[in-house]
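Residue-level structural notes
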Amino acid sequence: MGNRVSLFVTCIVDQLFPKVGMDMADVLERLGYQVDFPENQTCCGQPAFNSGYRAEARTVARHFLATFESSECIVAPSGSCTSMVAHHFAELFQKEPETLARVHSLEKRIWEFSTFLTEVAGVDDVGARLDDVVTFHDSCHGLRELGIQAAPRRLLARVRGLELREMQPAEECCGFGGTFAVKFAELSGAMARTKIDAILGTGANTVVGLDVSCLMQIQGALSRAGSKVRTMHLAEVLASR
Amino acid sequence: MSVEFDRKIHDTLADADLQLAIYTATARLKDKRIETVAPDALPDYQELRTQANAVKKHTIENLDYYLEEFERNVEAHGGKVVYAKDGTEVADFVLALAKDRGARLIVKSKSMTTEEVDLNERLEHNGLESVETDLGEYIVQLAHERPYHIVAPALHLTRYDVADLFTKRLNVPRETVIEKQTAIARSVLRQKFLAADIGISGANFLVADSGAVVLVENEGNIRLTTSAPKIHIAIAGIEKMIPRAQDLATFLKLLGRSGTGQLLTVYTSFLSGPRRSGETDGPDEFYVVLLDNGRTRLLPDRGKRQSLYCIRCGACLNACPVYRKIGGHSFPWVYSGPIGAIITPQFMGVSHEPGLPFASSLCGACAEVCPVKIDIPKVLLELRSDVTKAEAREKRNRLEKLAFRAFAWLMTHPRLYEMAGRLAASVAPPGSGWIRGVPAPMNIGPLRAWLSQRDLPPAPARSFREMWRRR
């Protein structure tokens, strides 16, 4: 693999949390990667797929395939969107052998940000400094579909000035779940409040995660509860000096 | 989602005592499971899961063969196998047998399959007395409720609730000490066991090569139910089959640990046929009722038929952050939790409660703990697709369909996607703080739902792609 990477920033980072994308690019460039941003990118189609609209998800997935066809290596600041591409695209194209072959090629080329750093770039220490006490939230799709647990912790362990305090349990869902958060709003909110109890129990000032969708749910609930605890994507932590 | 489903969820969330009861009970079961399947406690746990999955996959794909083998072996031991299409056929069989033998009183051991076909109601409606003998089941039967949890039916009731219930229904002085409550139930139930004409049990496993019904329990009531009365009827879903007695070495190791965090349950019974000459215990007649009730409909579906691998351990309920909030009675049918969310729509049809497959954050905690490795989130996703297809056919929920068509169109037109994003940002409230509320005309639909629970992130001055172009 060369030193070129294409960013898939995800629609939610693009529209709501652009700093996360900029910080991810910054960390990658500092490590010597040539970073590009295929401008035609939009969304992976997960909202439609998870809501039961497979034909619509397939349409968006096709667009994604075309957009990243020539990218050697794609990095995304999300376990959930990476898993959509790497695990669920194939389900959408079972009846199209040629597209399926393109999907299988894509699966090998897309990486979630933290795993890309530890497994492809082979670094644990990116030279970051953040004087803060943080706790880490394991996002479900990253944890259970991609098996990401050690990578972000290895990276956080090398951030100067940072203390990681694990919450109990770290691996319980925050209640976001995409359209679930609005279809079952009250239930989703109750799950978020259980999550923030675990967060507040650590005494940390900051919750770090790999998916801005979960962090939006957590920050939204923290903010509603009047808490000063903030959320940060791992890319923002690693870009801190 | 139906109004009723929504209301039950709301009511459960609003009941602080119930929330604590559910959370505490599931936490205990969850933690005990984790201890007994930890690598130092059970080094080959993952291999056992893989093996159990392979055995179930093979059995379900060859179910016709094993059903016939099971039937031959049961009959060779002097028992009889009865096939029932649905609950009516189960009840008809039991009622006809009871009438012929002059039976009045039935004792029952815990069985989700009999709950599934409302057997007690059907029998009592026809003048028979049917008494649950598992303590938790006995309690929920007295309360005229359904089991709250697949393995812990009275999980939602405190000892004070039970005290009230016993006083009211059994006419005994109020007793809040659990051991004494157990003694009350025991004294009532012991008389029932001695007087019963028929014992009805479920089955944890049906073993094809030995024609045996395998039952696990902790209270000893199953032993009494299946051996004291003259007639024993085991009622089981056809998917409870496993090919060989030796497969139990895999399944029994997984079932106790996954269900209650026990290495094995206190009793494990292997029942094959009625009492033989020279034996002192056991029934004179032994029947196995094999229930379909929608199960064969799943067999042609490659993706979803894995739902039939379930051994009803309940581990997915304890692990599920949704079950732990909404409890068992919010679910529209007898099966609750993640497994209920996938089998209810398949047994009853997706229109029974179209919201059910959507009542999940797809966190995957269920699949992680499933001892037979059912990919529950994958089945939920397929069911969601089935629901939207049914809605399209029936011309329901058209606004949502339209919204996702618009979504797909926008996401394949990057320039328009960018314009739409900026347009949305331009009407967002100004400022850099998280947003508590929006003006009334905007406070509708998903935005309103989001804001009902959480604050909303502020719109950034520029999107990522704008920032990227400028750098």
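In this section: the overall build of chain B. Within chain B, the regular secondary structure consists of 22 helices and 10 strands. Viewed in the frame of its principal axes, chain B has a C-alpha envelope of about 90 × 55 × 50 Å. Counting over 471 residues, chain B shows a buried share of 46%.

Now for the overall build of chain A. Counting secondary structure elements, chain A contains 13 helices and 8 strands. For chain A, whose C-alpha radius of gyration is 18 Å, the value lies close to the compact-globule estimate of 18 Å for 241 residues. On the principal axes, the C-alpha backbone points of chain A span a range of 50 × 45 × 25 Å. The 241 residues of chain A split such that 58% are buried.

The next thing to look at is helix α19 (residues 398-411) of chain B. An ideal rise of 1.5 Å per residue puts 20 Å on 14 residues; α19(B) measures up with 20 Å between its terminal C-alpha atoms. Residues of α19(B) that are buried make contact with α3 (46-50) and α4 (54-67) of chain A together with α20 (414-427) of chain B.

Here we come to the interface of chain A and chain B. Every contact between the two is made by 53 residues of chain A and, on the other side, 47 residues of chain B. Elements represented by at least two residues in the side of chain A that touches chain B include exactly α1 (11-15), α2 (18-30), α3, α4, α8 (140-145), α10 (180-183), α11 (185-200) and α12 (212-224) of chain A. Top contributing element to the side of chain A that touches chain B by residue count: α11(A), with 8 residues. Tallied by class, the residues present in the side of chain A that touches chain B amount to 25 nonpolar, 18 polar and 10 charged.

Frequently, the measure chosen for interface size is the accessible area removed from exposure when the parts meet. Residues and elements named next belong to chain A. Here the domain parsing of chain A yields domain 1 (4-119) and domain 2 (125-238). Each of domain 1 and domain 2 has a C-alpha centre, and these two points are 22 Å apart. Each partner contributes residues to the interface: domain 1 has 27 residues there, and domain 2 has 22 residues. Taken together, the elements giving at least two residues each to the side of domain 1 that touches domain 2 come down to α1, α2, α3, α5 (79-92) and α7 (113-120). Here the element with the most residues in the side of domain 1 that touches domain 2 is α2; it accounts for 6 residues. Residue classes in the side of domain 1 that touches domain 2 are distributed as 11 nonpolar, 12 polar and 4 charged.

Residue and element names in this part refer to chain B. In this model, helix α16 (residues 337-348) (12 residues) spans 16 Å end to end at C-alpha, consistent with the 16 Å of a helix rising 1.5 Å per residue. Burial runs high along α16: 11 of the 12 residues are buried. By the burial criterion, the buried members of α16 are G337, P338, I339, G340, A341, I342, I343, T344, P345, Q346 and F347. At its buried positions, α16 is contacted by α13 (295-298), α14 (315-319), α15 (323-326), α17 (365-369) and α18 (376-393). Among the residues trailing α16, G349 stands out with phi positive, at a value near 95 degrees.

The next thing to look at is the confidence of the model for chain B. On average, residues of chain B score 97 in pLDDT, and 100% of them reach the 70 mark or higher. As a predicted assembly, this complex carries a pTM of 0.97 together with an ipTM value of 0.97.

Another aspect to go through is the pairing of strand β6 (residues 212-217) of chain B. Residue and element names in this part refer to chain B. In terms of burial, β6 is largely enclosed, as 5 of its 6 residues are buried. For strand β5 (residues 205-207) and β6, the ladder comprises 3 bridges, and the chain directions are antiparallel. Note on β6: the bridge partner recorded for F205 is V214. Hairpin connection from β5 to β6: 4 residues lie between these consecutive antiparallel strands, with G211 at a positive phi of about 60 degrees. As defined by bridge partners, β6 adjoins strand β9 (residues 267-271) across 5 bridges and the pair is classed as antiparallel. For L215, the partnering residue across the bridge sits in β9 and is S269.

Take the packing of α16(B) against α18(B) next. Residue and element names in this part refer to chain B. Where α16 meets α18, the axes come as close as 10 Å, and the angle between the chain directions of the two elements is 35 degrees. Between α16 and α18 the crossing geometry is left-handed. Between α16 and α18, the contacting residues are P338, A341, I342 and P345 on the first element and I376, V379, L380 and L383 on the second. Taken together, the residues of the contact of α16 with α18 break down into 8 nonpolar, no polar and no charged.

This part covers the sheet that holds strand β3 (residues 129-132) of chain B. Across a sheet, strands are paired by hydrogen bonds formed along the backbone, either parallel or antiparallel in direction. Residues and elements named next belong to chain B. Spatial ordering of the open sheet is given by β1-β10-β7-β4-β2-β3, a layout of 6 strands whose pairing is parallel. Sheet topology places β1 (80-84) and β3 at the edges, where each strand pairs with a single neighbour. Mean inter-strand twist for the sheet, computed between neighbouring axes without regard to direction, equals 25 degrees. Both β1 and strand β10 (residues 285-291) contribute to a ladder of 5 bridges, which runs parallel. The residue of β10 that forms the bridge with A84 is L291. Each of β1 and β10 is contacted by helix α4 (residues 63-76), which is oriented at about 140 degrees to β1, the strand it contacts most. Running over the sheet, helix α5 (residues 87-101) touches β1, β4 (198-201), β7 (231-237) and β10 and is turned about 135 degrees from β1.

Basis of the calculations
Residues numbered from 1 in each chain as written. Chains lettered and ligands numbered in written order. Predicted model: local features only at pLDDT ≥ 70, side-chain atom pairs only at ≥ 80, totals over all residues. Helix = DSSP H or I, 4+ residues; strand = E, 2+ residues; numbered from the N terminus. Buried ≥ 20, exposed ≤ 12 C-beta atoms within 10 Å, placed from the backbone. Rg over C-alpha atoms; globule rule 2.2 N^0.38 Å. Expected span 1.5 Å × (residues − 1). Contact = placed C-beta atoms within 7 Å. Nonpolar A, V, L, I, M, F, W, Y, C, P; charged D, E, K, R; others polar. Domains from an automatic or database assignment. pLDDT = per-residue confidence, 0-100. Pairing = 2+ DSSP bridges. Axes fitted to C-alpha atoms, helices over the stretch in contact; angles between N-to-C directions. Left-handed = near helix turned anticlockwise from the far one by under 90°.

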